[in-house]
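Okay, here's what each chain looks like letter by letter:
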Amino acid sequence: MADVFISYARADKARVAPLVKAIEAKGWSVWWDPEIAPGREFDDEIDTELMSAKAVLVVWTPTSVTSRWVRGEARDAADRNVLVPVRFEQARLPIDVRAIHTTDLDDWRGDPGSAPVQACLQALAAMIERSTRAQAAEHNGARPASGKGPHYSVCVLPFANMSGDPEQEYFSDGITEDIITDLSKVSALEVASRNSSFAYKGKQANVRQVAGELKVSHVLEGSIRRAGGRVRVSAQLTDAASDRQVWGERYDRDSSDIFALQDEISHAIVKALRLQLLPQERRAIRKRGTDNAHAHDLYLMARQMYVSNQMDERASRTIVRACSKATRLDPDYAQAWALMAAGYRNLHELGLESIDGMEAAERALALDPELVEAHAVKGYILQMRGSMDEAEAEVAIALRLDPDSYEANRTAGRLNYQLHRYEEAVRRLGKAASLMDSDANSLIIQTSAYKALGDVANTRLTAEAASKRVDAVLAVDRNNVGAMAVGALALATLGQGEQARARMERALLIEPDNVDMRYNFACALAGDLLDKDSALEMLEPLFAGITAYLLRYLKMDRDFETLHDDPRYQAMVAAAEARLAMIPESAVTLAAGG
């Protein structure tokens, strides 16, 4: 392992080379890898060398201060107290390392005997000597007694959108979710789930109230303003017990610097709580799906659309368009490929698109074999294709990678429901609903599973929960027919037939050909409302273009058991099966192109 690790931007190689010679002339070993490529991954070799070096020399220039890799390495070195920074061209230093003395080298002119370089070499000597003594003491068993440190947990409240534009809400929500995800990678820190945090969105709640209700020790609050290519972020971390702010900062950055900003916030919180990041945790936090800020912005936009309007045709087409553009900007953006697959899957399930998304899912997995969402969406698509064993295998992989994944639990719930394993379906669908506060669809399927189990009390409770979620969606978008469909089904389950029919009538006026809406309305009419004639009338247009997957799902759906002996239903099923038998399999399993 090297004595000195040098962190620098690739464009500054010519400046760094003479410094390396001056350091090596002192007899110290140096790791700086002049062949490293721009946009490097923070791989194991770099991480190992960084964390084992006795001193870390960071070369700040106008180029390197914009590099999230250099800034991240500087933060890690500062956390270990081995940072020796130097500067050229009066580069503006990152705010979290400004307090550390930095040597200006503009006037050294390549002379190792110049005063600035000698000051730098003296600082390195002192750092190397101190690190050597510390390592020797640790080797001789003189390390401090370990013991359990304080236990910390944090809730990241949704960052307020201060942009003056409600359409920027997706951006502030997306950054909040990214910070939650980053902090969740720190093993020494418990983080409240997204669903728990977003329950406070738009509400007035003080820190102690939030901490008490979620049983966390700290609360992170913030706001985001984006305008004119700039992002302004204000954030503060509060100790709930003492109501004392333990960290706070304001940032004003170029929009393209959003990734480094998120890294800094996450590291600042870890540092404020005096926690130690493991090497793999550092890598995990820095590992982003893309370094392209525009592609990331498109992904956040599509993600917000998916969260709020999963089964809506317009939303699904928007998701596909946004993710297609994101992957053109960055063809290696695995998360965008996976979300594109989900958009295509929705459209295919509704019979609106021949592409089912499998190619996009496979592309995501080729880029990131451990991407949970990609395994989950692939499992869903396999379920749609009728490959149930393969679907179960993909779902099992997704759940093993992340048991708390929304997508994995949602897909597992639907799969088990279709296989009539209702107890497991209830468990998985309930978990999915707990992870996504806008998901009423999982709750309504869970309601049907409870019905199959004969659990009257939980059937009603779940239907009530689904109805409340639908009301929340309709309060924002009163013409959301997907929400109306789930809401009508919930109202029918609750015995409110008149209200359910009124909602159906309004939705049919808005979007009469919506497949998902008609399916759910038919479920309500055939099941709880026991109106076979109206149910068959609702289904007739749907059968004209029903997909093979939706037909299979419909045939096993318990809500339609009252129709099974009706000749009209049997004739519609037979006609659909004959039509589908004439369609080549390749025509319905096309995959996503760019």
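Look a little higher up for the structure.
Everything numeric in this text was worked out from a predicted model, so none of it was measured.

Caption draft 1: Highlighting the overall build of the protein. The helix and strand inventory of the protein stands at 25 helices and 11 strands. Reported as C-alpha extents along the three principal axes, the dimensions of the protein are approximately 95 × 55 × 50 Å. Within the protein, residue pairs in contact and separated by at least 24 positions form 66% of the contacts whose partners lie at least 6 positions apart. Carbon together with sulfur atoms contributes 50% to the accessible area of the protein, which is approximately 26000 Å² in total. With 71 positive and 87 negative side-chain charges, the protein shows a spacing of 4 Å between the two charge centroids.

Caption draft 2: Quick peek at the packing of aromatic side chains. All chains considered together, the criterion is met by eight aromatic pairs. Ring geometry for Y519 and F560: centres 5.4 Å apart, planes at 90°, overall edge-to-face. Within this pair, whereas Y519 is found in helix α22 (residues 515-526), its partner F560 is found in the loop between α24 (548-556) and α25 (567-581), the two being separated by 41 residues in sequence. Site record: aromatic cluster; members linked through ring pairs are Y417, Y422, Y519, Y549, Y553 and F560. Across from the ring centre of F171, 3.9 Å away, lies the NZ or CZ of R226, which sits over that ring.

Caption draft 3: Broad picture of the side chain of S197. Looking at the secondary structure, you find S197 in helix α6 (residues 194-198). Discounting chain neighbours no more than four positions away, the residues touching S197 are C155, V156, L157, P158, I180 and A192.

Caption draft 4: Summary view of the packing of helix α12 (residues 334-349) against helix α14 (residues 372-385). Here α12 crosses α14 at 20°, and the two axes come no closer than 9 Å. Taken together, the axes of α12 and α14 are roughly parallel relative to one another. You can see that α12 and α14 cross each other, and the crossing is left-handed. Across the interface between the two elements, A338, A341, A342, R345, H348 and E349 of α12 pack against E373, A374, V377, Y380, I381 and M384 of α14.

Caption draft 5: Representation of the pairing of strand β3 (residues 55-60) in the model. Judged by how many residues are buried, β3 sits mostly within the fold: six of six residues are covered. Every second residue of β3 is oriented toward a common face, with A55, L57 and V59 on one face and V56, V58 and W60 on the other, all of them buried. Inspection of the sheet shows strand β1 (residues 4-7) paired to β3 by four bridges, in the parallel sense. The residue of β3 that forms the bridge with I6 is L57. Across five bridges, the pairing between β3 and strand β4 (residues 83-87) is parallel. Bridge pairing in β4 links V56 to L83. For the crossover from β3 across helix α3 (residues 68-80) to β4, the handedness is right-handed.

Caption draft 6: Quick look at the layout of surface pockets. As a volume, the second largest pocket reaches approximately 1000 Å³. Taken together, 25 residues make up the lining of the second largest pocket; nearest its centre are K201, Q304, S308, S438 and V476. Looking at the lining of the second largest pocket, the elements that each hand over two or more residues are α5 (169-184), α6, α10 (293-308) and α19 (456-476). With five residues, α10 is the single largest residue contributor to the lining of the second largest pocket. Looking at side-chain class alone, the lining of the second largest pocket contains 10 nonpolar, six polar and nine charged residues.

Caption draft 7: View of the nonpolar core. Counting residues in each nonpolar core, the largest one holds 74 residues, and the members touching the most others are L189, L220 and W247. The biggest single contributor to this core is α12, with 10 residues. In this view, L220 contacts V154, C155, V156, L157, F159, I179, A235, Q236, L237, W247 and I269; residues no more than four positions away in its chain are not counted. Counting 62 residues, the second largest nonpolar core, distinct from the first, contains Y422, C523, M538 and F560.

Caption draft 8: Geometry of the sheet that holds strand β2 (residues 30-31). Sheet architecture is open: five strands sit in the order β2-β1-β3-β4-β5, paired in parallel fashion. At either margin of the open sheet sits one strand with a lone partner, and together these are β2 and β5 (103-104). Contacts from helix α1 (residues 13-24) reach β1, β2 and β3, with the element oriented near 170° to β1. Of the strands in this sheet, β1, β3 and β4 are in contact with α3, which crosses β3 at around 145°.

Caption draft 9: Geometry of α22. Between its first and last C-alpha, α22 extends 16 Å over 12 residues, near the 16 Å set by a 1.5 Å rise per residue. For α22, the set of buried residues is V515, D516, M517, R518, Y519, N520, F521, A522, C523, A524, L525 and A526. Packed against the buried residues of α22 are α20 (481-493), α21 (497-510), α23 (532-543) and α24. Between a side-chain oxygen at the N-terminus of α22 and the backbone nitrogen of D516 the separation is 3.2 Å; the capping residue is N514.

About the thresholds
- Residues numbered from 1 in each chain as written.
- Predicted model: local features only at pLDDT ≥ 70, side-chain atom pairs only at ≥ 80, totals over all residues.
- Heavy atoms only, no water.
- Helix = DSSP H or I, 4+ residues; strand = E, 2+ residues; numbered from the N terminus.
- Contact = heavy atoms within 4.5 Å.
- Areas by Shrake-Rupley, 256 points an atom, 1.4 Å probe, with all protein chains shown as cover.
- Lys, Arg positive; Asp, Glu negative; His and termini not counted.
- Charge placed at Lys NZ, Arg CZ, Asp CG, Glu CD.
- Phe/Tyr/Trp six-rings, centres within 6.5 Å; stacked < 30°, edge-to-face > 60°.
- Lys NZ or Arg CZ within 6 Å of the ring centre and 35° of its normal.
- Axes fitted to C-alpha atoms, helices over the stretch in contact; angles between N-to-C directions.
- Parallel < 35°, antiparallel > 145°, perpendicular 65-115°, else oblique.
- Left-handed = near helix turned anticlockwise from the far one by under 90°.
- Buried < 20%, exposed > 50% of the residue type's maximum accessible area, 1.4 Å probe, protein only.
- Pairing = 2+ DSSP bridges.
- Right-handed = clockwise from strand over helix to strand, strands pointing away.
- 1 Å grid on protein atoms, 1.4 Å probe; cavity = no way out; pocket = protein on both sides within 12 Å on 5 of 7 lines; lining within 4 Å.
- Points joined across faces, edges and corners; volume = space filled by probe spheres on them.
- Nonpolar A, V, L, I, M, F, W, Y, C, P; charged D, E, K, R; others polar.
- Core = buried A, V, L, I, M, F, W, Y, C linked by side-chain atoms within 4.5 Å.
- Expected span 1.5 Å × (residues − 1).
- Polar contact = N/O pair within 3.5 Å; in protein donor to acceptor, adjacent residues only side chain to side chain.

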